[in-house]
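Inside the fold
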Amino acid sequence: MKIEIKNLKHYSEMSQETNAFTCDLFVDGKKIGYCRNDGCGGNTDYYAFEGKRDILLSAEEYAKTLPDIEYEFNNEKHYFKSTLENLIDDEVEKQLKEKEDKKYEKKLQKDCEKSICYEIPNGYALISWKNYTISQMLSTPLGIRTIQKKVDELKASGKIILNTNLVGIDL
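Residues numbered from 1 in each chain as written. Predicted model: local features only at pLDDT ≥ 70, side-chain atom pairs only at ≥ 80, totals over all residues. Heavy atoms only, no water.

A tally of regular secondary structure across the protein chain gives four helices and eight strands. Of the regular secondary structure in the protein chain, the N- to C-terminal order runs β-β-β-β-α-β-β-α-β-β-α-α. Its C-alpha radius of gyration of 24 Å places the protein chain more than 25% over the 16 Å reference for a compact globule of 171 residues. Taken over the C-alpha atoms alone, the protein chain extends approximately 70 × 35 × 30 Å along its principal axes. Counting every position in the protein chain, which comprises 171 residues, the buried fraction comes to 29%. Look at the contacts in the protein chain between residues 6 or more apart in sequence, and 34% of them connect residues 24 or more apart. Taken as a whole, the protein chain presents about 11,700 Å² of accessible surface, with 50% of it coming from carbon and sulfur. (Helix = DSSP H or I, 4+ residues; strand = E, 2+ residues; numbered from the N terminus. Rg over C-alpha atoms; globule rule 2.2 N^0.38 Å. Buried < 20%, exposed > 50% of the residue type's maximum accessible area, 1.4 Å probe, protein only. Contact = heavy atoms within 4.5 Å. Areas by Shrake-Rupley, 256 points an atom, 1.4 Å probe, with all protein chains shown as cover.)

Have a look at this one:
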């Protein structure tokens, strides 16, 4: 059985202890209901459309047959029985993470056009030259030497360069 959510709408300004969201619930490619969470720490609710209650009940039973869900808290592993609610919540988390990852990647690519980007804990830092893009710097011998010197300094201090556009620079 394939259980999916689609049309996720996340309301970050309403999310307090849990994610506030609404979405559609699909089972084996068919839209059978919808889900919601008000973001105040309560359960995720899901509802079947008229005539789809049997499919929803089957999805609930199927979810119970899946392996226990493992969570780590305070360096201890905890296990919970799988439920349809858990599956929905996990899929919401997955889709929100994918969206954030895409946003992060897009911002990184834009920053790499103007700067050397290198990893730091929880993100990246920038080194740029006022009024010059990386491609402009790479178009002159002095710019190439300047970038190479900075890259060498960063590498010597153990930094990981994130740019993929430093053509001709020894990374």
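Once the structure has been displayed, the description carries forward.
Here the focus is the side chain of Gln 148. Position of Gln 148 relative to the elements: it lies in helix H4 (residues 141-156). For Gln 148, a relative accessible area of 16% puts it in the buried group. Among the polar contacts listed, one links the side chain of Gln 148 to the backbone nitrogen of Asp 170, at a separation of 2.8 Å. Contacts of Gln 148, omitting those with residues within four sequence positions, involve Gly 168, Ile 169 and Asp 170. (Polar contact = N/O pair within 3.5 Å; in protein donor to acceptor, adjacent residues only side chain to side chain.)

What follows covers helix H1 (residues 53-65). For H1, which comprises 13 residues, the first-to-last C-alpha distance of 19 Å matches the rise-based estimate of 18 Å (1.5 Å per residue) to within 8%. The set of residues buried in H1 consists of Leu 56, Ala 59, Glu 60 and Ala 63. Down the axis of H1, the sector holding all buried residues measures 100 degrees, keeping them to one side. Pointing more than 90 degrees away from the buried face of H1 are the exposed residues Asp 54, Lys 64 and Thr 65. Buried positions along H1 lie against strand S1 (3-10), strand S2 (20-27), strand S3 (30-38), strand S4 (45-48) and helix H2 (84-114). (Expected span 1.5 Å × (residues − 1). Arc of directions from axis to C-beta.)

Bringing the layout of surface pockets into the picture now. By volume, the largest pocket amounts to about 150 Å³. Among the elements that line the lining of the largest pocket, the one with the most residues is H2, at four residues. Residues that form the lining of the largest pocket fall into these classes: two nonpolar, six polar and four charged. (1 Å grid on protein atoms, 1.4 Å probe; cavity = no way out; pocket = protein on both sides within 12 Å on 5 of 7 lines; lining within 4 Å. Points joined across faces, edges and corners; volume = space filled by probe spheres on them. Nonpolar A, V, L, I, M, F, W, Y, C, P; charged D, E, K, R; others polar.)

Applying the stated criterion across every chain, the model contains four aromatic pairs. Taking 5.5 Å as the distance between ring centres and 75 degrees as the angle between the ring planes, the aromatic pair formed by Tyr 104 and Tyr 124 counts as edge-to-face. Taken as a pair, Tyr 104 in helix H2 and Tyr 124 in strand S8 (residues 123-128) lie far apart in primary sequence, 20 residues in all. On the basis of relative accessibility, which here comes to 38%, the residue Tyr 104 falls in the partly exposed class. (Phe/Tyr/Trp six-rings, centres within 6.5 Å; stacked < 30°, edge-to-face > 60°.)

What follows concerns a nonpolar patch on the surface. Together, Tyr 34, Tyr 47 and Phe 49 line one region of the surface with nonpolar side chains, adding up to about 260 Å² of accessible area. In this fold, Tyr 34 is placed in strand S3. (Patch = residues over 30% accessible without salt bridge, like charges linked within 9 Å, V, L, I, M, F, W, Y side chains within 5 Å. Salt bridge = Lys/Arg side-chain N within 4 Å of Asp/Glu carboxyl O.)

Let us look at the pattern of salt bridges. Evaluation of the coordinates by the stated rule reveals nine salt bridges. The residue Lys 2 makes a salt bridge to Glu 4 at a minimum N-O spacing of 3.7 Å. Judged by its relative accessible area of 48%, Lys 2 falls in the partly exposed class. The salt bridge partner of Asp 24 is Lys 31, with a shortest N-O separation of 3.4 Å.

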